[in-house]
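Residue-level structural notes
Okay, here's what each chain looks like letter by letter:
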Amino acid sequence: MTIKPLTLTLLVAFFLQTAIAQTNIYINPSLGNDTNIGSKEQPLKSLAAAAKIVNANTGDDAITIFLSEGIYSVNEPAQLMPVNRTFTKENRLTIRAEVLPDDPDWNTGRMPTLIHTMPLTDDWMEQKDPFGGCMYGIKVETSHVTLQGLKILGAPVVEHPLKGKIIRVYPITRTNPALDDLEITQCIFAGDEVNSPNHLGIIANGNGIVVDHCIFYNLKQAIVYWSGKSTGHVMRNTLIYGGYGCGVWTSAIANDFVFENNVIANSNYAWISQLGRDSNQQVLEDTTKKESEPILYQVNNSLFAGNKKMTGTGGGPQLNFKDIDPILLKFNNTKITEQRIELDYNQESKNFLHPIKGTLGADIGVGLFKKPMVDNSVAEVNPAEKPTVASKDKSSRPSPPMVASGKFGNTTLRIDYSSPSVKERKIWGELVPYNKVWRAGANEATTITTDGELTVAGKKLQAGKYSFYVIPTEKDWTIIVNSQTGQWGIKRNRETTRLIENDVMKAKVTPINSSNFIERLTYEIKNDGFNLKWENLVLHVPVK
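Residues numbered from 1 in each chain as written. Predicted model: local features only at pLDDT ≥ 70, side-chain atom pairs only at ≥ 80, totals over all residues. Heavy atoms only, no water.

What follows deals with the overall build of the protein chain. Looking only at helices and strands, the protein chain has three helices and 40 strands in total. For the protein chain, the proportion of its 544 residues judged to be buried stands at 54%. When contacts within the protein chain are restricted to residue pairs at least 6 apart in sequence, long-range pairs at least 24 apart make up 68% of them. Accessible surface computed for the protein chain: about 25300 Å², of which carbon and sulfur atoms make up 52%. (Helix = DSSP H or I, 4+ residues; strand = E, 2+ residues; numbered from the N terminus. Buried < 20%, exposed > 50% of the residue type's maximum accessible area, 1.4 Å probe, protein only. Contact = heavy atoms within 4.5 Å. Areas by Shrake-Rupley, 256 points an atom, 1.4 Å probe, with all protein chains shown as cover.)

If you want it as structure tokens, here you go:
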């Protein structure tokens, strides 16, 4: 069949107009074809084909790419680099699942699932790859992009087939340091070190990388915030589990990093702080003309559980890490424990790959759901009438939770602690050794909370919540107030989890003998301070 010149001209004009005007693009791996126009009736087959339509677009409206459920064999990168247009925060480019986790008809099998099957390239972040080849999934080279509701797997390769060779999968990358506003939300990144290694879920230069309500399961590394001095980064309500390299990786990004409501668990290193530079890593120019501030990231309402190591430094795909103390992190209402978390592996459950309800980490709010799931079996129970599972468990402990509270002027002091019993043991010098830091209770670290400034044992203490430790001796004791809270009290080696760099005050206090025997550890608020009482001793801490 011969196509007349006029007909060919009309066809070209039609497809060109489609690229200019199209604001919704549909992809279906089973029914689609990359020669289609990408409409709902004529979907594309691959994300790479959709990226080419985006790159040819010359409009100024938002564009949304919808992926239907199914398996996507990613055999070429989807490079998002429009030439003749830009996106804005309001009119952005969104790549999303047709059905999202908060939709009522969503289940785990409805997530569009991407697995990397393309040939290896010798390009590593726009440089010659020295490690033997890698794969790229979605290459984001434009600002104001959202990826939502996708499940992204690694590749069926051997990660280390030869000495010095490292086969890597980079599902989401951004190399241009001038870009801003990349949001990855409600996505699962999953891998397996043996069958389908997923080297690094997200690595991005530039500003404004927001990772929100995602799950990273058994990746080598989850996220790299890569541009030094870059700003506007966020990680919230995200679970990183089983990172056999590390969890989160920051490369001297700015102190405005928002890290809140996250769980990093059962990983090798929880956090890598890269202080040096890779040859292709970008460092943004500081235009503020102010003195450089020391790096200190606020870690809020989060959990680090069962990780082999907390923090390290280093760089490169070969993971040349070395241990460092967590001096770049300030822990606020954050727990650090050697206890491992438990995940829900019931694939029929919407809670699949989330912490099991009622167990460690389940109350932090990590995972795919932005709207809380309602459990109808307990929805009508009044919390004031029936305690939660967690409170039941704690109250039945051998060392149950207790609270002491009182006022000093207009300022309230509250002490939360667990109360162990003597049980015919010798406490001081044996169960609680002399000259070693003690958590001043049992279970979680003891905390003191004040809503105003107080003077404690002669030292000023600002309003806030703190952990409380003591170092008993046969004479004077040392009390320690520490800004880290939420952590379990001791490690498996019986040492405390106290981080010395978070100490805010120390003072010497002398205990006295008690006139009566005290079976349970007790704190009590007095007019001039508070008492710690146990066995045959009373430690009075002056407060005013």
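Counting buried residues along helix α2 (residues 47-56), eight of its 10 residues qualify, which places the element largely inside the surrounding structure. Along α2, the residues that are buried comprise Leu47, Ala48, Ala49, Ala50, Ala51, Ile53, Val54 and Asn55.

This next bit is on the environment of glutamate 535. Topologically, glutamate 535 is positioned in strand β40 (residues 529-542). Along the sequence, glutamate 535 and threonine 522 sit 13 residues apart, while their C-alpha atoms lie 9.8 Å from each other. Here isoleucine 427 takes part through its backbone nitrogen, which lies 3.3 Å from a polar atom of the side chain of glutamate 535. (Polar contact = N/O pair within 3.5 Å; in protein donor to acceptor, adjacent residues only side chain to side chain.)

Let's shift gears to the side chain of asparagine 198. Along the polypeptide, asparagine 198 turns up in the loop between β14 (188-190) and β15 (200-204). We classify asparagine 198 as buried; its relative accessible area is 0%. Looking at asparagine 198, its side chain comes within polar contact range of the main-chain oxygen of isoleucine 152, at 3.4 Å. Beyond its immediate stretch of four places on either side in the chain, asparagine 198 contacts Ile152, Leu153, Gly154, Val169, Pro171, Ala190, Gly191, Leu219 and Lys220.

To continue, consider the confidence of the model for the protein chain. Residues with a pLDDT of 70 or more make up 87% of the protein chain, whose mean pLDDT is 87. A low-confidence stretch, residues 277-281 stays under pLDDT 50, and its non-local contacts, those more than four residues away or across chains, total 15 contacts. Note on residues 374-393: pLDDT is under 50 here. Beyond four places in sequence and across chains, it has four contacts. (pLDDT = per-residue confidence, 0-100.)

Glycine aside, residues mostly have negative phi angles, and peptide bonds mostly take the trans form. The residue histidine 144 is not glycine, and still its phi comes out positive at about 65°. The topology assignment puts histidine 144 in the loop between β9 (134-140) and β10 (145-148). A residue is classified by how much of its surface remains accessible, and histidine 144, at 18% relative accessible area, is buried. The backbone phi angle of alanine 457 is positive, close to 50°, even though this residue is not glycine. Of note, alanine 457 is situated in the loop between β34 (454-456) and β35 (459-461). According to the relative accessible area criterion, alanine 457 is buried, its value standing at 18%.

Right, let's get into the nonpolar core. Of all hydrophobic cores here, the largest spans 62 residues; its most connected members are Leu47, Ile65, Phe216 and Phe304. By residue number, the principal contributor to this core is α2, which donates six residues. Within the second largest apolar cluster, 34 residues are counted, among which are Ile448, Phe468, Met505 and Trp534. (Core = buried A, V, L, I, M, F, W, Y, C linked by side-chain atoms within 4.5 Å.)

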